[in-house]
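Chain and residue survey
Each chain is listed here by its residues.
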There are 2 protein chains.
Amino acid sequence: MSRFWSPAIQSLVPYTPGEQPKVDGLIKLNTNENPYPPAPGVEAVLRNFSSERLRLYPDPDCQALKHALAEDAGLATNQVFVGNGSDEVLALTFMALLRQPKPLLLPETSYSFYNVYIDLFGINAQHIPLTADFRIELCDYCGENGGIIFANPNAPTSVSVDLDSIRALLERNTDSVVVVDEAYVDFGAESATQLINQFPNLLVIQTFSKSRSLAGMRVGFAFGHPDLIEALERVKNSFNSYPLDMLAQLTAIAAVEDKEYFKACVSRVIETRNWTTEQLQRLGFDVLPSHTNFVFASHAEVAAADLMQYLRDNKILVRHFTKPGIDNHLRITIGTPEEMKALIDCLQLHPEL
Amino acid sequence: MSRFWSPAIQSLVPYTPGEQPKVDGLIKLNTNENPYPPAPGVEAVLRNFSSERLRLYPDPDCQALKHALAEDAGLATNQVFVGNGSDEVLALTFMALLRQPKPLLLPETSYSFYNVYIDLFGINAQHIPLTADFRIELCDYCGENGGIIFANPNAPTSVSVDLDSIRALLERNTDSVVVVDEAYVDFGAESATQLINQFPNLLVIQTFSKSRSLAGMRVGFAFGHPDLIEALERVKNSFNSYPLDMLAQLTAIAAVEDKEYFKACVSRVIETRNWTTEQLQRLGFDVLPSHTNFVFASHAEVAAADLMQYLRDNKILVRHFTKPGIDNHLRITIGTPEEMKALIDCLQLHPEL
């Protein structure tokens, strides 16, 4: 703390991202990265790009990338927003749409960055508990509100809600924006993108960091009514006009355009997730039904914190949250079949499992 | 406007970046891009980078890049902040340090994005006029304030203030942060970086977009006391943890490390600026003394708006601002000698010059 800081930031508690270890040789199942490389077209972009172009500014409006995303989703370009990772898209969404006099409704347990934005922008929020089995019950999101945000599938629980529940929510909640954060949706949940043309208050946020294997390039995007997109554009152009560099734009386009690779990559992750779930259950873990590229698991006899440390001692990183209610769970990213076999083999050697 | 927008953004007037034309064959002297490619090491980064790495998140703290910048400036790593272009660094600076009860002092004519941030964050500001000859007179920045920000050299005027004036300002203004935005400093002005260790309230902001020819990669940075840097880190980590992708970090490091190329590139631009200034003066232009990679020029007999249109009709883009007081000037980026010769040849054919 310093007397030079803006008063509003003195009590901020920033988001803590998962550890990015500086040492090699670890099996990294802690930040939900995709175990497979991005589409081959991404490599081709890098091979063919001349660094001379970098002296020029990129397209601040990312028109070509928006066009590729709109095509892929069956939407118009003015229904698409892109940003520097879905975190930036979320930050701008909180600024542009969710700073309202009435309270924002969101799950008590969800992506922890939401609460950081709530603090940063001084938003009035009301947290709704998950059910006992860690589900989001959208019927509980009712009454006067200035907006609703939830992750589908939810993080770190991995559980999804179905499209009918989202449609029902949108049918009864017409006076505020509903944001569905679909960072993990491609791994088996139903996207609300198909509802965009029916509900002018729906914003769907997705990312290239998970199913598209482009975490290293920082590209996120949102779909919504042109009025919602315009709000995001206005705030973006009042904060940072050029958040996506030339290579982020080009590699993202290459990733969107290769639909076959995308489908194959997602299928492999789902197959490995199913195998991993069975193996964990065999070892006595309770594993929530996942539609993501991670599983959220707990064991009745061994504390999650101890298991995390045991795995870490064996060079396997998984994520553990200390938040009450989920502090006896591990969030385990789905890696390659070999990595997951190493995880299961390691757990099998644990004296209490 | 839409009923779903946050109330605070409904009256925002976003920043308008210079035009990025979609057609080829134009001489682009409108966005202050460097006419020369980035250092050869940048090309080497692209040639050697495997796209497989992109499935992983980048280092959120950009430690290697901070280290390279600290080395170059003779500072410690905790005196360095990096962001997604200097616009993002500025946005975070306004949030973290300049939202104060007392008014922010800034030049009436300067980088127009400052006023967008003032609106976005609801900052109380007091604008100080330039002198009649378009200089920033730092003696005028006095009295109670919650911070001071100015560009040195100033934009779009190209004129710089000397280091003694900045030191004198810092000696008398010890209770608020002084931000010196040095986007163009490498083209001949004196950087306040050398004062960082003496003044805990000094923040210097620079960019890779101009002198380092990396506008396409979006990298900016700030130097300051560790307490000021910590404020920026806290807000950055409450907004977007990973704003710099892997290639932005690596190409920026390559650009910092090649000091010889940097010096040679800057010298060439300065030489071309001097030639261009002489030629414009020969044609009757009044050209302000520039320490940037652009010149700010007016002509007593032909209106700037008309000249801009005439040049545009001849496929040469320059920037014209409609703001009263500077609406009879053109901001002309220094391109290659060939591009500047084409500009002068074109102006020479103007019937009234």
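Bear in mind the structure is a predicted one, so any value in this text is a computation, not a measurement.

Turning next to the UniProt feature "domain: Aminotransferase class I/classII large" (unreviewed entry) in chain A. Following the UniProt record, the feature "domain: Aminotransferase class I/classII large" (unreviewed entry) maps to residues 26–345 of chain A here. Summarising residues 26–345 of chain A: 37% helix, 17% strand, and an end-to-end C-alpha distance of 15 Å.

For the rest of this paragraph, the subject is the relation of the copies chain B and chain A. Superposing chain B onto chain A takes a rotation of 180° combined with a translation of 0.0 Å along the rotation axis, leaving an RMSD of 0.0 Å. Here the symmetry operator amounts to a two-fold rotation axis.

Glancing now at the nonpolar core. Counting 110 residues, the largest nonpolar core has L65(A), F150(A), F208(A), L65(B), F150(B) and F208(B) as the members making the most contacts within it. Those residues within four positions of F150(A) in sequence are excluded, and the remaining contacts are P107(A), Y114(A), I136(A), L138(A), V161(A), I166(A), L169(A), V178(A), V179(A), V180(A) and D181(A). Counting 78 residues, the second-largest nonpolar core is a separate cluster that includes A222(A), F239(A), A96(B) and L98(B).

Below, the discussion takes up the interface of chain B and chain A. Contact residues are listed per partner, giving 91 residues for chain B and 90 residues for chain A. Of the roughly 7,300 Å² buried between chain B and chain A, counting both surfaces, carbon and sulfur atoms make up 56%. The largest per-residue losses of area from chain B upon contact with chain A belong to F4(B), Y57(B) and F239(B), which jointly make up 11% of the total buried on that side. Seen at the junction of chain B and chain A, the total is two salt bridges. D175(B) serves as the salt-bridge partner of R3(A), at 3.3 Å between the closest nitrogen and oxygen. If you look at where chain B meets chain A, you find 57 residue pairs in polar contact (both at pLDDT 80 or more). Listed by contribution, the elements that provide at least two residues to the side of chain B that touches chain A are α1 (40–48), α3 (85–97), α4 (113–120), α6 (226–236) and α7 (246–257) of chain B. Counting residues per element, the side of chain B that touches chain A draws most heavily on α3(B), at eight residues. Split into classes, the residues belonging to the side of chain B that touches chain A amount to 50 nonpolar, 23 polar and 18 charged.

Definitions and limits used
- Residues numbered from 1 in each chain as written.
- Chains lettered and ligands numbered in written order.
- Predicted model: local features only at pLDDT ≥ 70, side-chain atom pairs only at ≥ 80, totals over all residues.
- Heavy atoms only, no water.
- UniProt positions renumbered as here; feature names shortened; annotations may be inferred.
- Helix = DSSP H or I, 4+ residues; strand = E, 2+ residues; numbered from the N terminus.
- Least-squares fit on C-alpha atoms with pLDDT ≥ 70 in both.
- Core = buried A, V, L, I, M, F, W, Y, C linked by side-chain atoms within 4.5 Å.
- Buried < 20%, exposed > 50% of the residue type's maximum accessible area, 1.4 Å probe, protein only.
- Contact = heavy atoms within 4.5 Å.
- Buried area = accessible area lost by both parts, 1.4 Å probe.
- Salt bridge = Lys/Arg side-chain N within 4 Å of Asp/Glu carboxyl O.
- Polar contact = N/O pair within 3.5 Å; in protein donor to acceptor, adjacent residues only side chain to side chain.
- Nonpolar A, V, L, I, M, F, W, Y, C, P; charged D, E, K, R; others polar.

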